[in-house]
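As a plain string of letters, each chain reads:
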Amino acid sequence: MPAMLRTLAQKLGMMAHGFHGGVHPHERKLTAGMPIEDCPLAPLYIVPLKQHIGEACTPLVAVGDKVLRGQKIARAEGYVSVPLHAPTSGTVVKIEEHPVVHPSGMSMPCVFIEADGLDEEDHSLERMTNWRDLDAAVLRERVRMCGIAGLGGAVFPTFIKLVQDKKNPIQTLVLNGIECEPYLTNDHQMMLEQAEEVLQGMAIIMHMVGAESGIIAIEDNKSDAARVMRQALAENSELAHVHVAVLPTRYPQGSEKQLIYSLTGKEVPAGKLPLHVGVICQNVGTAKAIRDAVLLGKPLTERLVTVSGDAMPRPANLRVRLGLTLRYVFAQRGLEDFENIQILHGGPMMGERLRIPDVPVIKSSIGLLAMHQDTVMQAHPAEQPCIRCGHCSQACPAALVPNLMADHCRNEQFDKAEAYNLFDCIECGACSYVCPSNIPLVQYFRYGKGQIAQLRREHDFAEASRQRFDARDARLAREKAEKAARRSRVRKELAPAPDKDTTTKVEKSTNDKAEES
Amino acid sequence: MSEVALILLSAVLVNNYVLTKFLGICPFLGTSSKVETAIGMSFAVMFVMTMASTASWLVQQYVLIPLDLLYLQTIFFILIIAALVQFIELMIHKTSPVLYQALGIFLPLITTNCAVLGVAILNVQQDQTFLTSALYGFGAAVGFALVLILFAGLRERLDGAPVPALFKGSPLALITAGMMSLAFMGFSGLVKI
Amino acid sequence: MTHLLAALLSLGAFALLAGVVLAVAQRVFHIEGDPMVDKIDSMLPQTQCGQCGYPGCKPYANAVASGAAEVNHCVPGGERVMLQIADLMGVEPKAVEEEAAAPMLAFVREDECIGCTLCIKACPVDAIVGAPKQYHTVIVDQCTGCMLCVEPCPVDCIDMLVKPELLEHWAWPLPDTRRAAVGHERRGHHAGHA
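If you're wondering where the values come from, they're calculated on a predicted model, not measured in any experiment.

Rules of the game
- Residues numbered from 1 in each chain as written.
- Chains lettered and ligands numbered in written order.
- Predicted model: local features only at pLDDT ≥ 70, side-chain atom pairs only at ≥ 80, totals over all residues.
- Heavy atoms only, no water.
- Helix = DSSP H or I, 4+ residues; strand = E, 2+ residues; numbered from the N terminus.
- Rg over C-alpha atoms; globule rule 2.2 N^0.38 Å.
- Buried < 20%, exposed > 50% of the residue type's maximum accessible area, 1.4 Å probe, protein only.
- Contact = heavy atoms within 4.5 Å.
- Areas by Shrake-Rupley, 256 points an atom, 1.4 Å probe, with all protein chains shown as cover.
- Lys, Arg positive; Asp, Glu negative; His and termini not counted.
- Charge placed at Lys NZ, Arg CZ, Asp CG, Glu CD.
- pLDDT = per-residue confidence, 0-100.
- Buried area = accessible area lost by both parts, 1.4 Å probe.
- Salt bridge = Lys/Arg side-chain N within 4 Å of Asp/Glu carboxyl O.
- Expected span 1.5 Å × (residues − 1).
- Pairing = 2+ DSSP bridges.
- Axes fitted to C-alpha atoms, helices over the stretch in contact; angles between N-to-C directions.
- Polar contact = N/O pair within 3.5 Å; in protein donor to acceptor, adjacent residues only side chain to side chain.
- Patch = residues over 30% accessible without salt bridge, like charges linked within 9 Å, V, L, I, M, F, W, Y side chains within 5 Å.
- Domains from an automatic or database assignment.
- Nonpolar A, V, L, I, M, F, W, Y, C, P; charged D, E, K, R; others polar.

Next up on the list: the overall build of chain B. Counting its secondary structure elements, chain B contains eight helices and zero strands. The N-to-C order of helical and strand elements in chain B reads α-α-α-α-α-α-α-α. Computed over C-alpha atoms, the radius of gyration of chain B comes to 17 Å, within 12% of the 16 Å expected from 2.2 N^0.38 for 193 residues, which places it in the range of a compact globule. If you line up chain B on its principal axes, its C-alpha atoms span 60 × 45 × 30 Å. When the 193 residues of chain B are sorted by exposure, 48% land in the buried category. Contacts in chain B between residues at least 24 apart in sequence constitute 78% of all its contacts with a sequence separation of at least 6. Here chain B has roughly 8800 Å² of accessible surface; of this, 72% comes from carbon and sulfur atoms. Counting 7 positive and 7 negative side-chain charges, chain B places the averaged centre of each group 12 Å from the other.

Within chain A one finds 16 helices and 17 strands. A globule of 517 residues ought to have a C-alpha radius of gyration of about 24 Å, yet chain A, at 30 Å, is considerably larger. Along the longest, intermediate and shortest principal axes, the C-alpha atoms of chain A span 110 × 60 × 55 Å. Accessible area of chain A: about 24000 Å², with a carbon and sulfur share of 53%. Taking the 60 positively charged and 63 negatively charged side chains of chain A as two groups, their mean positions are separated by 6 Å.

What follows deals with the confidence of the model for chain B. All names here are of chain B. Here chain B averages 88 in pLDDT, and 98% of its residues register 70 or above. Within chain B, no element has a lower average pLDDT than helix α5 (residues 97-103), which sits at 81, and none a higher one than helix α8 (residues 170-185), at 93. Both scores are available for the predicted complex, with the pTM at 0.84 and the ipTM at 0.79.

Our next topic: the interface of chain B and chain C. With 29 residues of chain B in contact, the opposing surface of chain C contributes 26 residues. Of the roughly 2500 Å² buried between chain B and chain C, counting both surfaces, carbon and sulfur atoms make up 75%. It is L90(B), K94(B) and Q101(B) that lose the most area in chain B upon contact with chain C, and together they represent 22% of the buried surface on that side. The salt bridge involving D87(C) is made with K34(B); its shortest N-O contact spans 3.0 Å. Among the secondary structure elements, those contributing two or more residues to the side of chain B that touches chain C are α3 (35-67), α4 (73-95) and α5 of chain B.

As a further point, take helix α1 (residues 2-14) of chain B. Compared with the 18 Å implied by 1.5 Å per residue over 13 residues, the 16 Å span of α1(B) between its first and last C-alpha is markedly short. Each element contacted by the buried residues of α1(B) is listed here: α7 (130-159) and α8 of chain B.

A few words on unusual backbone geometry. Backbone torsion omega between Y251(A) and P252(A) reads -5°, so that peptide bond is classified as cis. Considering the arrangement of structural elements, one finds P252(A) in the loop between β11 (242-247) and α7 (256-264). Phi is positive for Q46(C), close to 60°, though the residue is something other than glycine. Its identity is not glycine, yet D126(C) carries a phi of approximately 55°, on the positive side. Counting through the fold element by element, D126(C) comes out in the loop between α5 (118-122) and β2 (128-129).

Residues and elements named next belong to chain A. You can see N186 is positioned in helix α4 (residues 186-193). Judged by relative accessible area, which is 2%, N186 ranks as buried. Excluding residues that lie within four positions of it along the chain, N186 makes contacts with E179, R303, L304, V305, T306, N317 and I366.

All right, on to the sheet that holds strand β12 (residues 279-283) of chain A then. Strand pairing in a sheet is mediated by backbone hydrogen bonds. Such pairs are either parallel or antiparallel. All names here are of chain A. Read from one edge to the other, the open sheet built from four strands follows the order β11-β10-β9-β12, with strand pairing classed as parallel. A single partner strand is all that each edge strand has here, and the edge strands are β11 and β12. For this sheet, the mean inter-axis angle between neighbouring strands, taken without regard to orientation, is 25°. Bridging between strand β10 (residues 213-219) and β11 involves six bridges; their strand directions are parallel. Counted as the bridge partner of I215 is H243 from β11. Packed onto the sheet, helix α5 (residues 195-209) meets β9 (172-177), β10, β11 and β12 and runs at close to 140° relative to β10. This element, α7, spans β9, β10, β11 and β12 of the sheet and lies at about 105° to β11.

All names here are of chain A. As for its position among the elements, R319 is in strand β14 (residues 316-321). There is a polar contact of 3.0 Å between the side chain of R319 and the side chain of D38. Setting aside residues no more than four positions away along its own chain, R319 makes contact with I36, E37, D38, C39, Q194, E302, R303 and L304.

A surface patch of positive charge is lined by K483(A), R486(A), R487(A), R489(A), R491(A) and K121(C). Counting residues per element, the positive patch draws most heavily on helix α15 (residues 441-494) of chain A, which supplies five residues. Note on placement: K483(A) falls in helix α15.

Take the domain arrangement of chain A next. All names here are of chain A. For chain A, the domain assignment lists domain 1 (1-30 + 132-298), domain 2 (320-379) and domain 3 (384-517). Between domain 1 and domain 3, the contact holds 14 residues from the first and 13 residues from the second. Carbon and sulfur atoms make up 61% of the area that domain 1 and domain 3 hide from each other, which totals about 860 Å². Counting across the domain 1 and domain 3 interface gives zero salt bridges. Here the side of domain 1 that touches domain 3 is built from residues that sort into six nonpolar, eight polar and no charged.

It is worth spelling out the sheet that holds strand β17 (residues 367-372) of chain A at this point. Residues and elements named next belong to chain A. What the six strands build is an open sheet, ordered β1-β14-β13-β17-β15-β16; its pairing is mixed. Looking at which strands have only one partner, the edges of the open sheet turn out to be β1 (36-38) and β16 (352-354). For this sheet, the mean angle separating the axes of adjacent strands, direction not counted, is 30°. Note: strand β13 (residues 302-308) against β17, three bridges, orientation parallel. The residue bridging T306 from the neighbouring strand is G367, located in β17. Lying over the sheet, α4 contacts β1, β13 and β14, oriented at roughly 120° with respect to β13.

Time to look at the interface of chain C and chain A. When the parts of a complex come together, some accessible area is lost, and that lost area is often used as the size of the interface. Contacts between the two partners involve 38 residues from chain C and, on the opposite side, 35 residues from chain A. Remark: the boundary between chain C and chain A carries three salt bridges. With a shortest N-O distance of 2.8 Å, E458(A) and R80(C) are connected by a salt bridge. Joining chain C to chain A, the criterion identifies eight residue pairs in polar contact (both at pLDDT 80 or more). Those elements that place two or more of their residues in the side of chain C that touches chain A are α2 (36-43), α5 and α6 (178-193) of chain C. Sorting elements by how many residues they give to the side of chain C that touches chain A places α6(C) first, with five residues.

Our next topic: the pattern of salt bridges. Side-chain pairs of opposite charge can arise whenever the charged atoms involved come near each other. Residue and element names in this part refer to chain A. A complete count under the given rule lists 34 salt bridges over all chains for this structure. A salt bridge links E302 to R69; its shortest N-O distance comes to 3.2 Å. Of the two residues, E302 sits in strand β13 while R69 sits in the loop between β4 (66-67) and β5 (72-75), which places them 233 residues apart along the sequence. Exposure remark for R69: the relative accessible area of 7% places this residue in the buried category. Of the charged contacts in the structure, one is a salt bridge between R466 and D470, with a shortest N-O distance of 3.1 Å. A residue pair is termed a helical-turn pair when its members lie 3 or 4 positions apart in one helix, as R466 and D470 do in helix α15 at four residues. Counted as one network, the salt bridges with shared partners bring together R69, D119, E121, E302 and R321.

Now for the pairing of β5(A). All names here are of chain A. Across two bridges, strand β3 (residues 58-59) lies against β5 in antiparallel orientation. Across the sheet, the residue bridging to T58 is R75, located in β5. Looking at chain direction, β5 and strand β6 (residues 84-85) are connected through two bridges and run antiparallel. Residue pairing for β6: A74 is matched across the bridge by L84.

See the structure below:
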């Protein structure tokens, strides 16, 4: 249906809202319906000191310290940060740099914990079974303390979103069970197996933000999950104003702003947050983690991971402790030889390609995919010139003009790229996916964003240096003036008293001379 | 009223000074590498052209014809244009030093912009009234501004386009200008009298 | 004869009128100083290193604005800053003669420092702390890597170290495709004549 007709139909209420653009890649949900299995414990855990968006943590433990599972091992620094916890009981053996999940393949300080095999838990956090009577701020602090960050993959510290703002009261909580990336099924499986826990988490979040209604969003390729959630809701008398919304399967339906638009017809303005339109959005996994933190006093030390990919011998939905290396997790499912295999961290659309499997699982690890090198190469053939077909603009869920933005990024005309709203790009990859010329558009946007950030950093540093330079100049001038003043005062004091007249005379004459010249 | 519309339409599109009369090509190519510069240049030319066509009409009617000095026409007109250009130059230097730098030599060169003198001379040749000559000057300037800004936009886009090395820079600009000119020829059938 | 006189008089009167108008305009639109200096200064990296031959970034900006200096003398700014300034000044870009070294940081080997404060005096951005007869040290976040402190040190205890690359400051490279390589070439070419 032409875009204009669709918009008209939506405006008239004849059609459900749908976000602009989007694509429908092959789903390839190999692990759909497979029960969640526990990934066995390993002898060594590597905990990177930054697993969320924001500032890195500072370690609280020293080499040789004994830790328990759930014990805080690193302190949050700054506001946008959450603490880290030991994934199992054992001994801290070293704190040093180790490669982490990052497209650069660079290293970051990590805490190495040697497990003692006992997996003893730290029970210092009490269970808040009376959460209904507790103040939102108390619960919020618990969510922060337990290190919870958005488990849908963005890992933004969750407590920051859980605020009651007088100016922007939140009406609706959207529970995101969309999982629109191909291959991934962990949210799906969680809804099937732990519907009760997810709903408890949802009730806690709604209590915290004061939301009146809730929507559980599920794509129509997961109708069994929708059925299970509906049934669980029917049994739950507490969540009366919550309903399950089944949305058409379309990528990136699960992206926060797009999902909110699809469900409510409210558009989150550029540079604003969902709470500005009275909505907050949480992933189902995050809701479950919040429930564990509040009801059980359990910090975030494990998460569900879809281990899949076309090169995976035995794909599975695993419950994995944070800090296990990818190599170990893959080995549990029969993959030990990484020859000609490309590892993806996250989904195939937005995930990062990793160079080595020796990096640890972190809070953002929604999926670990092992793909045949050939498959990846086929998906990324050589780039051809742009033929201006406009498919990318039609596919863009943020309604941008990807081909022009990419041109500007490539030619380093960053001001123009920004004028085309480069920073509204969510890097979903829909444009690259539909491009008949195989232009890696998202790569250009990432390049542009990185360069702009770097230029800004350099500019800020230059500005600070200039201020320091000017301040130093002013100080030197002042010191010089003071010195001169002191010198003349000393000279005056040293001069014998009877000569006072002559000094003034001399001064006067010099003054005259100065005036003359 | 229809006369006003006709004059404007004719000056802006049908008889566009740059693309159909081929006057003022120098600043058209020289100041079109960036849209911001092109906009600044357009406003400068708009001011000079409108003022020059009215002033030259006045001089023609009240000085040159009564005193029978028509052979001094060019000198008088150039004097008017030069004074106006100096004036706008001072003004731009004060209000927008960056634009002043960006326009560089092309700002004083408006004096020798043949489109400006062309409009002034054509005006008096066509026996326009005071109002129509002002309107014609303004229309011609708008036409100049229109194609200059369009051209600058095209050049900005082409700046990043993967064209063969042979066509880089000026050749591509000239080809683009030629194609724009062809496109503007389409306007010649716009008005049927 | 009267005809010639009329011509001369009318032309002269007209020129005089234009002259008077312009003289008034000159007064009205008079500008103090050169507004370009601040613009250029804001483009310079503010290392205050003096590699351009001027005692700081502002003096160099002054020289460029007045036309006394070429646009290509800022070594740490490299080609990017040169292109920006050339663009602003509306002049032809010129190749930067000296290749900018990787960003550096000064580092004082504290056990060798004799506390003479000479480096503190040399630092243009006050990024070295210390007192007489006390160890000095460089504030890493504020060091511009200008190397002006190396020379004055009587015991040569200041090293210039390459600035470490931080994970947080890592930026995506241009996509590694055939086309992108061509793009690189093209940019180089454009820089030559833009």
